[in-house]
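# Structural characterization, general
So you can see what is in the structure, the chains are spelled out below.
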Amino acid sequence: MLKMLSVLTICLAFSYGAEAQFSRYIIKFKNKGNNPFTISNPAQYLSQRSIQRRTRYNIAIDSTDLPVTPRYLDSLRAAGNVSILNSSKWLNQVLIKTSDAAALAKINSYSFVLSTTAIAPIVQTGPVFKNKLGIVDPDSKFTPEVSDNLNDHYNYGRSNGQVKIHKGEFLHNHGFRGEGMHMAVLDAGFLNYLTLRPFDSIRLNNQILGTWDFVANEASVNEDDKHGMHCLSTIAANVPGVFIGTSPKTSFYLYRTEDVASEYPVEEQNWAAGIERADSLGVDICSTSLGYFQFDNPMFNYTYSDLNGNTTISARAADFAAKKGMLMVIANGNEGNNSWHFLITPADGDSVMAVGAVDTLGNVASFTSYGPSSDGQVKPNVASVGLNTVVANTTTGAPIFGNGTSFACPNIAGITSCLWQAFPEVNNMGIINALQVSASKATAPDDRIGYGIPDAKKAFVFLLKKLYTQQASINLCQVQFQFSVKSDSTMTIVVERKLSTENKFSTFLTNQGGRAFQQNQFSFPDDLSLFPDGPVSYRISMNIGSDTTFFLDSATVNKTGPCPNNVAANDIVIAPNPVTDNLNIILSRLTAVKYEIRIHNSAGQIVYKINGMQQAGIGTVKIPMGRFSKGMYYTTVLIDNKKTVTKEILKL
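Notes on the structure follow. All values derive from a computational prediction rather than experimental measurement. (Residues numbered from 1 in each chain as written. Predicted model: local features only at pLDDT ≥ 70, side-chain atom pairs only at ≥ 80, totals over all residues. Heavy atoms only, no water.)

## Quick look at the packing of aromatic side chains
- Under the criterion given, the structure shown has 33 aromatic pairs.
- For the pair Phe481 and Tyr538, a centre-to-centre distance of 5.8 Å together with 55 degrees between the ring planes defines the contact as tilted. Residue Phe481 is located in strand β18 (residues 478-487), and its partner Tyr538 is located in strand β22 (residues 534-545); the two are separated by 57 residues in the primary sequence.
- Note on Tyr538: relative accessible area 0%, which makes it buried.
- The rings of Tyr468, Phe481, Phe483, Phe508, Phe522, Phe524 and Tyr538 are connected pair by pair, giving a single aromatic cluster.
- Over the face of the ring belonging to Tyr370 we find Arg448, whose NZ or CZ atom lies 3.8 Å from the ring centre. (Phe/Tyr/Trp six-rings, centres within 6.5 Å; stacked < 30°, edge-to-face > 60°. Helix = DSSP H or I, 4+ residues; strand = E, 2+ residues; numbered from the N terminus. Buried < 20%, exposed > 50% of the residue type's maximum accessible area, 1.4 Å probe, protein only. Lys NZ or Arg CZ within 6 Å of the ring centre and 35° of its normal.)

Here it is in structure tokens:
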């Protein structure tokens, strides 16, 4: 379940006496002057995977990608008894720890320092707010449950409902289980993830790519709070017949940014540093079941008007992360029954996917926070199972129940990972859009579950259609139809045709979708010589499952004849008329002849001439009329230097 607290960029009057209780400060810089790093050499500060993400989605590397100027950091250290805890290059600020008033005064005097802001105290006094991260009932009884479809790739066991509410099994059955996807989970700790059974697979398969504790500044996150472990289990668990997560093949970075012992804005700064590290490593998706609005010291509290997507540290950092191409999945909050009532930050971020809570039947959880954001954004964006969500027990790893948008968030993050695996050419906002348009309230979003409960199969079809392209043309009764669609060998493509004399479509040809799921090219000809003139319609349908057939697109060509194989012996046919592009001269000869074709304009001037040899049989000469102006033209054909036919042609 989600913690119920918040954070804001603090602008406090600087006073040593008033701030004597604090030991951690945000130092914000005016610029990145004298920076040794350059935009032209991003490999200095971004991994190749991170650079590739930017290249794939046409994201320019700019000054916000540059690290904080190292000389500025050196100056902070030289100011006195100062420790640098972490930094945010996007926000161009640094978190320091010091109790040295003289050092603070010196730092505040530097010309490159914009502001110095207290953000956390010297000594934690214990949380004012209880149950920051929600409740997981350790006494919940586990009742075995088997998958309701033995043909599914996974036997989901107890998690059957929370996977299938999104048709997640459709993605899994088609081979999309998170392989190759990288996700950062930012939380309060991942207690016992190194020993619990649900995480055996991600441990043995080296799917844990890295860890960092931004609170204690150390690598280990196994001994801290259990909340992050519960969240991770909804994605990564892989115990067949007992508990399967929504994306068990995804690889993970596990970051602790939350200090459950207190609630101060320093945790938002930690979170910003965490997602920046994720970005630099090339992470695709970040799942965050944390949020802020109220603090142990009320001077830091947010108001609802602050939840506008552009004010808090975490919301601004979240939107930067989205701008860099990462897909941000954020819990919307558990304040629905409380006086605050509304969402919490960073769920208010303009470009994040905020997640509300329902049960496996789709009923709205009473605790899920209300939207919209204070600037009118639909929030939450979508909903997932957060009421009686199956998570891993802290000591045994067995399935138990937990409540909160904290668990709805990672559950849908796993679905998102599998969907994006299938469509890596679509950017982060395109994936969010696909999930929203496929959701249960897509046409009438509300303030409880936003666009509703996403349907992964519908989102899959939506993206297939979005990437589909086609081209149909007709020339001398020969149709050439080309189309491109993402498909694989489990999918069938059917082309249907309807002639001008027919009332319904009939199957023209059937194709398997190709071996691997990729953008496959298809091409087919259709000879209309024996059919009557008039419009001929085609439509293309696709079958991707026993219950899922849909139309990709349709096209119509107009057969006007005559066709070469219908031309009489020793005849000459000039068509079409009127003409917009190519004029076809069909020559039918019993013996080989020389030909010359002349095009005159209405003033009698020759504007085009071509000559050649026509062997016995039927041949076609194409005249590129598309280059000429609209108007009347005259076509003359000479056979063996003798004028044989002249025809008036209208160019449209």
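## Some words on the environment of Ser541
- Mapping Ser541 onto the fold places it in strand β22.
- As for Ser541 and Ala383, which are separated by 158 residues in sequence, their C-alpha atoms are 31 Å apart.
- Ignoring anything within four residues of it in the chain, the contact list for Ser541 reads Thr492, Ile493, Val494, Thr549, Phe550, Phe551 and Leu552. (Contact = heavy atoms within 4.5 Å.)

## Overview of the packing of helix α10 (residues 405-422) against helix α12 (residues 456-467)
- Contact geometry of α10 with α12 gives a least axis separation of 11 Å together with a crossing angle of 25 degrees. With respect to each other, α10 and α12 are oriented roughly parallel. Our pair here, α10 against α12, has a crossing hand that is right-handed. Along its contact with α10, which presents Ile415, Leu419 and Ala422, the element α12 presents Ala456, Ala459, Phe460 and Leu463.
- Its residues assigned to classes, the contact of α10 with α12 shows seven nonpolar, no polar and no charged. (Axes fitted to C-alpha atoms, helices over the stretch in contact; angles between N-to-C directions. Parallel < 35°, antiparallel > 145°, perpendicular 65-115°, else oblique. Left-handed = near helix turned anticlockwise from the far one by under 90°. Nonpolar A, V, L, I, M, F, W, Y, C, P; charged D, E, K, R; others polar.)

## A closer look at the sheet that holds strand β30 (residues 642-651)
- Strand order in this open sheet of four strands is β27-β26-β29-β30, and the pairing throughout is antiparallel. The sheet is open, and its two edges are formed by β27 (606-614) and β30, each paired on a single side. Ignoring strand direction, the axes of neighbouring strands in this sheet form an average angle of 15 degrees.
- Where strand β29 (residues 631-639) meets β30, nine bridges bridge the pair, whose relative direction is antiparallel. Opposite Ile639, over in β30, you have Lys642 as the bridge partner. (Pairing = 2+ DSSP bridges.)

## Section: a nonpolar patch on the surface
- Among the surface-exposed residues, Met632, Tyr634, Leu650 and Leu652 lie close enough to one another that they form a single nonpolar patch of about 300 Å² accessible area.
- Of note, Met632 is situated in strand β29. (Patch = residues over 30% accessible without salt bridge, like charges linked within 9 Å, V, L, I, M, F, W, Y side chains within 5 Å. Areas by Shrake-Rupley, 256 points an atom, 1.4 Å probe, with all protein chains shown as cover. Salt bridge = Lys/Arg side-chain N within 4 Å of Asp/Glu carboxyl O.)

## Regarding helix α9 (residues 313-323)
- Among the eleven residues that make up α9, nine are buried, leaving the element largely enclosed by the rest of the structure.
- When α9 is considered as a whole, its buried residues turn out to be Ile313, Ser314, Ala315, Ala317, Ala318, Asp319, Phe320, Ala321 and Ala322.
- Along its buried surface, α9 packs onto β3 (93-97), β4 (113-121), α8 (266-280), β12 (327-331) and α11 (428-437).
- Gly325 lies just past α9 and shows a positive phi near 105 degrees.

## Re the state of the cysteines
- For the structure shown, the criterion picks out one disulfide.
- Across the disulfide from Cys477 sits Cys563; the S-S distance is 1.7 Å. On the sign convention where negative means left-handed, the S-S torsion of about -85 degrees between Cys477 and Cys563 marks this disulfide as left-handed. You can see Cys477 sitting in the loop between β17 (469-475) and β18 and its partner Cys563 sitting in the loop between β23 (548-559) and β24 (572-575), a full 86 residues away along the chain. Residues Cys477 and Cys563 agree in their burial class; the two are buried. (Disulfide = S-S within 2.5 Å.)

## Some thoughts on the pairing of β17
- Where β17 and β18 come together, seven bridges link them in antiparallel fashion. Its bridge partner lying in β18, Gln471 is registered against Gln482.

## Some remarks on α10
- Taking 1.5 Å per residue, 18 residues should reach 26 Å; α10 reaches 26 Å between its end C-alpha atoms and fits that length.
- Summarising burial for α10: 18 of the 18 residues are buried, a large majority. (Expected span 1.5 Å × (residues − 1).)

## A short note on the pairing of strand β26 (residues 593-601)
- With seven of its nine residues buried, β26 lies for the most part within the structure.
- Summarising the sheet, β26 and β27 pair through eight bridges and their orientation is antiparallel. Paired with Tyr595 across the strands is Gly612, a residue of β27.
- Once β26 ends, the chain turns through four residues before running back antiparallel as β27, passing Gly604 with a positive phi of about 90 degrees.
- By the bridge criterion, seven bridges tie β26 to β29 in an arrangement that is antiparallel. The residue bridging Tyr595 from the neighbouring strand is Ile639, located in β29.

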